[in-house]
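Structure assessment
Spelled out, the chains give:
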Amino acid sequence: MRPSPLVDRVGERTRLLGALDDTVRTREGLVVLVSGEAGIGKTRLLTHFVDEAVRAHADAGLLAGYGQAMMNSLASDAYQAVRECLRGLPLSAQRSESRELIERVVGSFRQHAPDWVESVPMVGKLLAAGMLTGRSVLQAGRSEDEVDLDGRLDQLVRFVSDLVERGPLLLVLDDLHWADKATIDLLVTLALRVEGPLAL
């Protein structure tokens, strides 16, 4: 279901879409920071931007995810916004009705980010029992030398790098002032280490 039309913010929408157009065309990474006072419509702008971006770059195979950091009563949930973004990727692929995009997401999760699969129920269902995390592989009898036990951060960097090798990727993380330090470190790492058409 598409959101209702966005009133105003034409300049901001144009700048965001223009920057993404450049990323898709040049295959170079992009980081954009949207800031402003509370309640002026940043979240609405970003959710509309994601919807417009996917439609504008469907032919390029753009995958998009949106996640929002929120503060709960105790503390910010580690990687909450990132996990929400990851959940959006298979949905983005599914909406495109492109079998290639769905296989691109599922295959990348399987190969590069097994420890993130529990964050993405749709992918988890597709992989079903065939998906083993590093820990379960060890329990199944393989030696530690045979298993790549990189941390979750390294897995996600490899996952994102694999996706952008084959097409553009848009990850929108909202309300980062609530994000935990691990999320911020992850975003900085992605911005510095991933080469290709990644728009953050």
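Residues numbered from 1 in each chain as written. Predicted model: local features only at pLDDT ≥ 70, side-chain atom pairs only at ≥ 80, totals over all residues. Heavy atoms only, no water.

**What to know about the packing of helix 4 (residues 99-112) against helix 7 (residues 152-166)**
Put simply, the test is: Working convention: axes come from line fits to C-alpha atoms, limited for helices to the stretch in contact. Angles between N-to-C directions cover 0 to 180 degrees. Only DSSP runs of H or I reaching four residues or more are called helices, and only runs of E reaching two or more are called strands; each is numbered from the N terminus. A crossing counts as left-handed when the near helix is turned anticlockwise from the far one by less than a right angle, and as right-handed when that turn is clockwise. Only heavy atoms enter the contact rule, under which two residues are in contact if any of them lie within 4.5 Å. Only Asp, Glu, Lys and Arg are considered charged, only Ala, Val, Leu, Ile, Met, Phe, Trp, Tyr, Cys and Pro nonpolar, and every remaining residue, Gly among them, polar.
Running from amino to carboxyl end, helix 4 crosses helix 7 at an angle of 145°, the nearest separation of the two axes being 9 Å. Helix-helix and strand crossings are classified by hand; for helix 4 and helix 7 the assignment is right-handed. When helix 4 is examined against helix 7, the residues R104, V105, S108, F109 and H112 are found in contact with a partner set consisting of Q155, R158, F159, D162, L163 and R166. The residue makeup of the contact of helix 4 with helix 7, split by class, is four nonpolar, three polar and four charged.

**Side note on the confidence of the model for the protein chain**
Atomic detail in the predicted coordinates should be set aside for any region of low pLDDT. Using the following cut-off: Scored from 0 to 100, pLDDT records how confident the predictor is in each individual residue.
Looking at the protein chain as a whole, its pLDDT mean stands at 81, while 78% of the residues score no less than 70. No element of the protein chain has a lower mean pLDDT than helix 6 (residues 134-139), which averages 45, and none a higher one than strand 3 (residues 198-199), which averages 96. Note on residues 128-149: pLDDT is under 50 here. Beyond four places in sequence and across chains, it has 21 contacts.

**A word on helix 1 (residues 10-26)**
Three or four residues apart is the spacing at which side chains of an α-helix point the same way, because the helix has 3.6 residues per turn. Formally: One less than the residue count of a helix, multiplied by 1.5 Å, gives the span that helix is expected to have. Residue exposure (1.4 Å probe, protein chains only): buried if accessible area is under 20% of the type maximum, exposed if over 50%, otherwise partly exposed. An arc is given here, and it is the one of the directions from the helix axis to the C-beta atoms.
Over its 17 residues, helix 1 extends 24 Å from the first C-alpha to the last, a length consistent with the 24 Å expected when each residue adds 1.5 Å. All of the buried residues in helix 1 are L16, L17, A19, L20, T23 and V24. Down the axis, helix 1 shows its buried residues gathered within 155° of arc, on one side only. Exposed side chains of helix 1 directed beyond 90 degrees from the buried face belong to V10, T14, R15 and R25.

**Focus: the pairing of strand 1 (residues 63-68)**
Rules: At least two bridges found by DSSP between two strands is the condition for calling them paired.
Counting buried positions over the six residues of strand 1 gives five, a clear majority of the element. Here six bridges tie strand 1 to strand 2 (residues 169-174), and the two strands are oriented parallel to one another. Residue pairing for strand 2: G65 is matched across the bridge by L171.

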